[in-house]
Amino acid sequence: AGARDAGAKHTGAIPSLSGFADWPFFRFKQRLASGAEGQGNYIVSALVQIQAPSGIGRLTSNAWTVLPTLAFGKGWGKFDIQGTVGGVLPTSHASTIGYQVVTNVAFQYHVTRLLWPEVEVNWTYYANGQRGGLNQVFLTPGLVIGRFALSESARCTFGFGYQVAVSPTYIPKPLTPSYNHAWIFTSRLN
């Protein structure tokens, strides 16, 4: 499962929304390099994800989307940094949606066996489309809970946070940032 928007609050004249955004239903991940805790405690992976246009009317792109991504992480004892750099490549409506460069960096601290408080920074650059040349930045304080053992080989992780737009100042047309603030929920089955 991937991150799902549990509801977004818009600013200005746009009314509040609640519902699911588009669904990232397929992901292929390949580990490129890694080191265990005694050998550097790091990981680098490549991912390709496909997203279906399945969100509610006002939270969908109406386009199948391919998301190639490079992910990395590095740990120092109980502290770690994880990040991604990727692209958002719609298969249709590109002149409206635009191609995007998306980055994400999370700073996490391992408090107990299952609790990881974090602060995450998300930056998006719109290369073209209706937001062409614009940027947006979100900060998300959150908590990751897991990995819970479901069986000998399966684990489950949950996370939630509150995402807040910090840049740019709200612009109603084209809508940037794409929303002001929202609760975020994610789950993983490993």
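First, a word on scope: everything that follows refers to the structure included in this document. This is a predicted model, so every value here is computed, not measured.

**Section: the overall build of the protein**
The number of helices and strands found in the protein is one helix and 10 strands. Ordered by position from N to C terminus, the α and β elements of the protein give β-β-β-β-β-α-β-β-β-β-β. Computed over its C-alpha atoms, the radius of gyration of the protein comes to 17 Å, within 12% of the 16 Å expected for a compact globule of 190 residues. Along the first, second and third principal axes, the C-alpha set of the protein runs to 50 × 30 × 30 Å. Per-residue burial over the protein gives 36% buried out of 190 residues. For the protein, restricting intrachain contacts to residue pairs at least 6 apart in sequence, the fraction spanning at least 24 positions comes to 48%. Surface accessibility of the protein: about 10700 Å² in total, with carbon and sulfur atoms responsible for 64%. Across the protein, the centroid of the 14 positively charged side chains sits 4 Å from that of the 7 negatively charged ones.

**Some thoughts on a positive patch on the surface**
Together, Arg27, Lys29, Arg31, Arg147 and Arg188 give the surface a local cluster of positive charge. Among the secondary structure elements, Arg27 is positioned in strand E2 (residues 23-35). Judged by its relative accessible area of 38%, Arg27 falls in the partly exposed class.

**A word on the environment of Asn122**
Tracing the chain through its elements places Asn122 in strand E7 (residues 115-126). On the accessibility criterion, Asn122 (13% relative accessible area) is buried. With 18 residues separating them along the chain, Asn122 and Thr140 place their C-alpha atoms 8.1 Å apart. Setting aside residues up to four positions removed in sequence, Asn122 forms contacts with Thr103, Asn104, Gln136, Val137, Phe138, Thr140 and Gln163.

Quick notes on the rules
Residues numbered from 1 in each chain as written. Predicted model: local features only at pLDDT ≥ 70, side-chain atom pairs only at ≥ 80, totals over all residues. Heavy atoms only, no water. Helix = DSSP H or I, 4+ residues; strand = E, 2+ residues; numbered from the N terminus. Rg over C-alpha atoms; globule rule 2.2 N^0.38 Å. Buried < 20%, exposed > 50% of the residue type's maximum accessible area, 1.4 Å probe, protein only. Contact = heavy atoms within 4.5 Å. Areas by Shrake-Rupley, 256 points an atom, 1.4 Å probe, with all protein chains shown as cover. Lys, Arg positive; Asp, Glu negative; His and termini not counted. Charge placed at Lys NZ, Arg CZ, Asp CG, Glu CD. Patch = residues over 30% accessible without salt bridge, like charges linked within 9 Å, V, L, I, M, F, W, Y side chains within 5 Å. Salt bridge = Lys/Arg side-chain N within 4 Å of Asp/Glu carboxyl O.

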